[in-house]
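If you want the building blocks of each chain, they are given just below.
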Amino acid sequence: MIPVIQTKEEWQELLKLAENNDSNAQFDVAMYYEDGIVVDDEQIIVIDEVQAFTWIKKAYENGNTEALVRYADYLSAGEFCEKDKYNAIELYKKGISLGNGIAAFNLGVEYRDRYDYESAFKCYEQSLQLGHPAEFTIAKCYYYGIGVEKDKNKAFSILKSDRIKESSQYEMDEANYLIGLLYLKGEVVDKSLQNARYYLELANEDGDHRSAQEILFIIGRSEYD
């Protein structure tokens, strides 16, 4: 877990650890340079992507597994270094062998970009087994039949599971949208405009889901509105 930085003094202490070749501190420094941090309107750490890459590379060279995966991301994208998809894939595979679920998921993305959807799906499943929250991606694969035989029953089961709540807000909104569509069309569940409306409202809870809004415009909003 990345330490919480509240003061410039704490930041300087973390930097000192990183400069003394602490690979965990080097990774943490890189993450802070990626995002920056403001405390009480004071800029404690300024975003610096070049420094982020520099410290990721150092942490990777010092054997940090999380940095290995992040460094592979840089190689894959060709950010601040020469693009090298081959070595990125090899690093992801090494990360998987070390039990890193993000490495498995990102390798799946590499296969997806090569249109090897079956290999991508296997990687998503492996990432889930390694603790990465890949439920929503797996559910979409079943929903649309990408890399695996289409099975909307399985998709529905995953989308309704408690573990989907560990996904990002965007993914939870999309999950509710897809559930709403299943109820709207009467696929794998009994058709119910009431249930469809309920899940579409959930998907649009922040008022920013255009697709859900368009359907709600046709079927009407919930009674409490």
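Rules used in this analysis
Residues numbered from 1 in each chain as written. Predicted model: local features only at pLDDT ≥ 70, side-chain atom pairs only at ≥ 80, totals over all residues. Heavy atoms only, no water. Helix = DSSP H or I, 4+ residues; strand = E, 2+ residues; numbered from the N terminus. Contact = heavy atoms within 4.5 Å. Patch = residues over 30% accessible without salt bridge, like charges linked within 9 Å, V, L, I, M, F, W, Y side chains within 5 Å. Areas by Shrake-Rupley, 256 points an atom, 1.4 Å probe, with all protein chains shown as cover. Salt bridge = Lys/Arg side-chain N within 4 Å of Asp/Glu carboxyl O. Buried < 20%, exposed > 50% of the residue type's maximum accessible area, 1.4 Å probe, protein only. Polar contact = N/O pair within 3.5 Å; in protein donor to acceptor, adjacent residues only side chain to side chain. Phe/Tyr/Trp six-rings, centres within 6.5 Å; stacked < 30°, edge-to-face > 60°. Lys NZ or Arg CZ within 6 Å of the ring centre and 35° of its normal.

Engineer: Mind laying out the side chain of His-132, listing which residues take part and the relevant values?
Structural biologist: The residue His-132 is located in the loop between α7 (117-129) and α8 (135-144) in this model. In this view, His-132 contacts Gly-101, Ile-102, Phe-105 and Ser-127; residues no more than four positions away in its chain are not counted.

Engineer: I'd like a rundown of a nonpolar patch on the surface, residues and numbers included.
Structural biologist: The grouping of Tyr-115, Tyr-117, Tyr-144 and Ile-146 at the surface amounts to a nonpolar patch, some 450 Å² of accessible area in total. Structurally, Tyr-115 is set in the loop between α6 (101-113) and α7. The class for Tyr-115 is exposed, based on a relative accessible area of 64%.

Engineer: Any chance you could break down the side chain of Asn-204 for me, citing the residues and the numbers?
Structural biologist: Of note, Asn-204 is situated in the loop between α11 (193-203) and α12 (210-219). For Asn-204, a relative accessible area of 6% translates into the label buried. A polar atom in the side chain of Asn-204 sits 3.3 Å from the backbone nitrogen of Asp-208. Discounting residues that sit within four places of it in the chain, Asn-204 has contacts with His-209, Ala-212, Gln-213 and Arg-221.

Engineer: Account for the packing of aromatic side chains, with residues named and values stated.
Structural biologist: Two descriptors summarise a pair of aromatic rings, namely the distance from one centre to the other and the angle between the planes of the rings. Going through the model one piece at a time under the given rule, you end up with 14 aromatic pairs. Both rings, one in Trp-11 and one in Tyr-32, keep their centres 6.1 Å apart while their planes meet at 75°; by these two values the pair is edge-to-face. Pair noted here: Trp-11 is in helix α1 (residues 8-19) and Tyr-32 is in helix α2 (residues 23-35), with a separation of 21 residues, a long-range link. Accessibility expressed as a relative area gives 6% for Trp-11, which makes it buried. Here a set of aromatic residues connected by ring pairs shows up, and it is made of Phe-53, Tyr-60, Tyr-71, Tyr-74 and Phe-80. Here the basic side chain of Lys-58 rests over the ring of Trp-55, its NZ or CZ set 4.3 Å away from the ring centre.

Purely spatial values, then, with no claim about function.
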